[in-house]
Amino acid sequence: MNIKSAEYVISNSVWNKCPAHDKPEYAFIGRSNVGKSSLINKLTQHKNLAKTSAKPGKTLLINHFFINKEWYLVDLPGYGYAKIGKESREKLEKMIKGYVLQRKELVNLFVLIDVRHEPQKIDMEFIEFLGVNGVPFSIVFTKADKLTGGELKKNLENYKKYLLEQWEELPPVFVTSSESGLGREEVLDYIESLNKCL
């Protein structure tokens, strides 16, 4: 898929104020500092479409971007960021769950996981929540360029083994790097293939 246009549309703090339209939506979510904004910018080839920050917890709203005037890319707040107050954390959780469970335009949720780390409880719990609620999702491993080929292979095998203890089959899995562009075509081709099925 070629990205011809990518425009910021709107940000919302509640899911039911998201734009009304008849286009498919593909949302991106992950733990704070997983490299979500960098990946979105790499996918769309816009350096500053999604705001990147060295500080985790930058995205606190549901951000809609209109891609190729055909589909929406949705940047969701990161989950599990501990350095905000309990009330703000609960509000974020409610916002995320509201969007993920209620948004009928959502075709697929891309769950981003930093491939450098061991399987994290918070990621596994979120994936389990999606499975229990029948939310279609894919796993996107980020920061693959930060590991050697051997380390990357080993970590991916560990994740797959861990997931297969609870799942009969794995969802689609992508391995990406915002630095090198690894996985960009695969993610966009997957979105294109889903669009063709709608």
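Position labels on residues start from 1 in each chain and follow its written sequence. Local features are withheld for residues below a pLDDT of 70 in this predicted model, meaning they are given only at 70 or higher, and side-chain atom pairs are given and counted only at 80 or more; totals for whole chains, interfaces and linings count all residues. Side-chain metrics rest on all non-hydrogen atoms present in the structure, leaving aside hydrogens and water.

J.: So what exactly am I meant to see when it comes to the pattern of salt bridges here?
T.: When the charged atoms of two side chains lie near each other, side chains of opposite charge can form a pair. The term salt bridge refers to a side-chain nitrogen of Lys or Arg lying within 4 Å of a carboxyl oxygen of Asp or Glu. This model, assessed by the stated rule, comprises eleven salt bridges. Between Glu 93 and Lys 97 there is a salt bridge, with the nearest N and O atoms lying 3.6 Å from each other. Of this pair, Glu 93 and Lys 97 both sit in helix H2 (residues 86-102), four residues apart, which is roughly one turn of that helix. Using a relative accessible area of 45% as the deciding quantity, one classes Glu 93 as partly exposed. For Lys 97, a relative accessible area of 35% puts it in the partly exposed group. Salt bridges here are not isolated pairs; linked through shared partners, they connect Glu 25, Arg 103, Lys 104 and Glu 105. Where helices and strands are cited, they refer to DSSP runs of H or I of at least four residues and of E of at least two residues respectively, numbered from the N terminus. The cut-offs for exposure are 20% and 50% of the maximum accessible area for each residue type, with area from a 1.4 Å probe on protein chains only; residues under the lower value are buried, those over the upper are exposed, and the others partly exposed.

J.: What am I meant to see in the pairing of strand S6 (residues 137-142) here?
T.: Side-chain positions along a regular strand alternate between the two faces of the sheet. With respect to burial, S6 is a largely interior element, six of its six residues being buried. Of the two faces of S6, the one holding Phe 137, Ile 139 and Phe 141 and the one holding Ser 138, Val 140 and Thr 142 are both buried throughout. A pair of strands is considered paired only if DSSP assigns at least 2 bridges between the two. Pairing geometry for strand S5 (residues 106-114) and S6, over six bridges, is parallel. Across the sheet, residue Leu 112 finds its bridge partner in S6, namely Val 140. Sheet analysis places S6 next to strand S7 (residues 173-175), joined by three bridges and oriented parallel.

J.: What is the right way to look at the packing of H2 against helix H3 (residues 121-132) in this model?
T.: Packed helix pairs are characterised by how far apart their axes lie and by the angle those axes make with each other. Angles shown run from 0 to 180 degrees and are taken between the N-to-C directions of axes, each axis being a line fitted to C-alpha atoms and, for helices, limited to the stretch in contact. The N-to-C vectors of H2 and H3 enclose an angle of 35°; their axes lie 11 Å apart at closest approach. For the element pair H2 and H3, the recorded crossing hand is right-handed. Between H2 and H3, the residues in contact are Ile 96, Lys 97, Val 100 and Leu 101 and Phe 126, Phe 129 and Leu 130, respectively. The residue inventory of the contact of H2 with H3, partitioned by class, reads six nonpolar, no polar and one charged. Handedness of each helix crossing follows the sense of rotation of the near helix against the far helix: counterclockwise by less than a right angle gives left-handed, clockwise gives right-handed. Contacts between residues were defined by any pair of non-hydrogen atoms, one from each residue, lying within 4.5 Å. Polarity classes work like this: nonpolar for Ala, Val, Leu, Ile, Met, Phe, Trp, Tyr, Cys and Pro, charged for Asp, Glu, Lys and Arg, and polar for all others, with Gly in that last group.

J.: Where do I start with the side chain of His 21 in this structure?
T.: Take His 21: it is sitting in the loop between strand S1 (6-12) and strand S2 (25-30). Of the residues examined, His 21 reaches a relative accessible area of 18% and is grouped as buried. Polar contact is the term for a pair of N or O atoms within 3.5 Å; when the atoms are in protein, one must be able to donate a hydrogen and the other to accept it, and sequence-neighboring residues count only if both atoms are side-chain atoms. A polar side-chain atom of His 21 sits 2.9 Å from the main-chain amide nitrogen of Lys 23. A distance of 3.5 Å separates polar atoms of two side chains, one belonging to His 21 and the other to Arg 103. For His 21, the residues in contact, after removing those within four places along its chain, are Tyr 72, Arg 103 and Glu 105.

J.: For this particular structure, what's the right way to read the environment of Asn 63?
T.: The topology assignment puts Asn 63 in strand S3 (residues 62-67). Taking the C-alpha atoms as reference points, Asn 63 and Ala 27, 36 residues apart in sequence, are found 9.4 Å from one another. A polar side-chain atom of Asn 63 sits 2.5 Å from a polar atom in the side chain of Ser 11.

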